[in-house]
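Here is what each chain is made of, one letter per residue.
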Amino acid sequence: MSEKLNIVLFGPPGAGKGTQSTFLIEKYGLVHLSTGDLLRAEIHAETELGKAARELMDAGELVADHIVIGMIKNMMEAHLEAKGFVFDGFPRTRAQAEALDAMLNAKSEPITCMLALEVPEEELVKRLLGRGATSGRSDDQDEHVIRKRIREYEEKTAPLKDYYQAQDKYKGINGVGSIADITTRLVQAIG
Ligand code: B4P
C-alpha cells in the first residue's frame, strides 16, 4: 500500500476548498494543486491558454479537460518527491477523474480519499459575492455567473460522488461553521 496521502478536496464553488487546502498542506506536508490557481496564473501572465481560459471562467463554464489534465500532470511530475497532494478543484468531470486515477495508479500511489464539503447554495452565493467585493476576482462579481458555476457543478462535477463512492473513498463533510471547526472535521475524516 502507498505511503502517500493523496486527497481530493471536493465541493461546489465557494465551499471552502481553497481555504481548507491551506491548513491541510501545512498539517500533513502536502503539495497543493489547485487548477483554479494554475488557471489564474496563466491569465495573469497573459498567455494564450490564459486568454482562452478567462473567457470560459468569466462565463461560469469549465475549462476543457485536456488543458487542466495537462496542467496537473506537469505539476505532479515537478513534485515527484512529494509526501502527497491536495487536489483542490480537480477533478471536476468524470474524464478528469479517470485521467487522475490512471496517472496515480501507474505509480501505485492511488487517491486516499475524497473529502466533500457540503454547503447550501444560498450560503455559497453569499460567500462568493463577499469575496468578489474584496478580491477583484472577475468570476465572483456577478450573481448570475456564480449561479451558473453552481449549475455546472451540479451537472458535471457532483456526479463524481458516485465515482468515488464506488471506490469506497467518498467522505461527506459539513462545510458550514467556523473555518477552524471545518478543518477539525476534515482532519478527523482523514483519520
Ligand atoms: P476555483 O478556483 O476552483 O474556485 P472556487 O470553486 O470558486 O472556490 P473554493 O471552493 O476554492 O472556495 P474558497 O475556499 O476560495 O475555480 C474557479 C474557476 O476555474 C471554475 O469556475 C472553472 O471555470 C475553472 N476551473 C478550475 N478548475 C477546473 C477544472 N478542474 N476543470 C475545468 N475548469 C476548472 O472560498 C470561497 C469564499 O468563502 C472565500 O471568500 C472564503 O473566505 C469564504 N469561506 C471559506 N470558508 C468559509 C466558512 N467556513 N465560512 C464562511 N466563509 C467561508
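This text goes with the structure placed above it.
Residues numbered from 1 in each chain as written. Predicted model: local features only at pLDDT ≥ 70, side-chain atom pairs only at ≥ 80, totals over all residues. Heavy atoms only, no water.

A. Seen up close, the site of the ligand. In the region of the ligand, 29 residues are neighbours, and Thr19, Thr35, Glu61, Arg131 and Arg149 sit closest. One of the side-chain N or O atoms of Arg149 is found 2.6 Å from an oxygen atom in the ligand. Note that a nitrogen atom of the ligand is positioned 3.0 Å from one of the backbone N or O atoms of Gly177. Burial of the ligand by the protein chains amounts to 87% of its free accessible area of 1,000 Å². Elements with a contribution of two residues or more to the shell around the ligand: α1 (17-28), α2 (35-44), α6 (121-135) and α9 (179-190). The dominant element in the shell around the ligand, judged by the number of residues it contributes, is α2, at four residues. (Near = heavy atom within 4 Å. Polar contact = N/O pair within 3.5 Å; in protein donor to acceptor, adjacent residues only side chain to side chain. Areas by Shrake-Rupley, 256 points an atom, 1.4 Å probe, with all protein chains shown as cover. Helix = DSSP H or I, 4+ residues; strand = E, 2+ residues; numbered from the N terminus.)

B. Quick peek at the pairing of strand β1 (residues 5-10). Of all six residues that make up β1, six are buried, and the element is covered over most of its length. Going residue by residue along β1, you find Leu5, Ile7 and Leu9 tucked away on one face and Asn6, Val8 and Phe10 tucked away on the opposite face as well. Pairing of β1 with strand β3 (residues 84-88) involves five bridges; the strand directions are parallel. Within the sheet, the bridge partner assigned to Leu5 lies in β3 and is Gly84. (Buried < 20%, exposed > 50% of the residue type's maximum accessible area, 1.4 Å probe, protein only. Pairing = 2+ DSSP bridges.)

C. Inspection of the sheet that holds strand β4 (residues 113-118) at higher detail. Here five strands make up an open sheet; going across it, the order is β2-β3-β1-β4-β5 and the pairing parallel. Of all strands in the sheet, those with a lone pairing partner are β2 (31-34) and β5 (170-174), marking the two edges. This sheet shows a mean twist of 20° between the axes of neighbouring strands, independent of strand direction. Pairing between β2 and β3: four bridges, direction parallel. For Ser34, the partnering residue across the bridge sits in β3 and is Asp88. Against the sheet, α9 engages β1, β4 and β5, with an angle of about 160° to β5. (Axes fitted to C-alpha atoms, helices over the stretch in contact; angles between N-to-C directions. Contact = heavy atoms within 4.5 Å.)

D. Representation of the layout of surface pockets within the structure. Computed from the structure, the largest pocket encloses a volume of approximately 860 Å³. Taken together, 43 residues line the largest pocket, and the ones lying closest to its centre are Pro13, Lys17, Arg92, Arg137 and Arg149. Every element with two or more residues in the lining of the largest pocket is listed here: β1, α1, β2, α2, α6, α7 (143-157) and α9. No other element matches α2, which puts five residues into the lining of the largest pocket. Taken together, the residues of the lining of the largest pocket sort by class into 15 nonpolar, 16 polar and 12 charged. When its volume is computed, the second largest pocket comes out at roughly 160 Å³. Taken together, Arg40, Ile43, His44, Arg54, Met57, Asp58, Gly136, Arg137, Ser138 and Asp139 form the lining of the second largest pocket. (1 Å grid on protein atoms, 1.4 Å probe; cavity = no way out; pocket = protein on both sides within 12 Å on 5 of 7 lines; lining within 4 Å. Points joined across faces, edges and corners; volume = space filled by probe spheres on them. Nonpolar A, V, L, I, M, F, W, Y, C, P; charged D, E, K, R; others polar.)

E. Focus on the packing of aromatic side chains. Under the counting rule described, the total for this entry stands at three aromatic pairs. Here Phe85 and Phe87 contribute two aromatic rings whose centre-to-centre distance is 5.6 Å and whose plane-to-plane angle is 40°, an arrangement assigned as tilted. You'll find Phe85 and Phe87 in the same group, each marked buried. Ring centres of Tyr163 and Tyr164 lie 5.1 Å apart, and the angle between their planes is 70°; on these two criteria the pair is classed as edge-to-face. You'll find Tyr163 and Tyr164 in the same group, each marked buried. Here Lys27 stacks its cationic end above the ring of Tyr28, 5.7 Å away from the centre of that ring. (Phe/Tyr/Trp six-rings, centres within 6.5 Å; stacked < 30°, edge-to-face > 60°. Lys NZ or Arg CZ within 6 Å of the ring centre and 35° of its normal.)

F. Just the nonpolar core, in detail. Of all hydrophobic cores here, the largest spans 31 residues; its most connected members are Val8, Ile72, Met76, Phe87, Leu100 and Tyr164. Excluding its chain neighbours within four sequence positions, the residues that come into contact with Ile72 are Leu33, Thr35, Phe87, Phe90, Leu100 and Met103. Ala15, Tyr28, Leu115 and Ile173 belong to the second-largest nonpolar core, a separate cluster that totals 22 residues. (Core = buried A, V, L, I, M, F, W, Y, C linked by side-chain atoms within 4.5 Å.)

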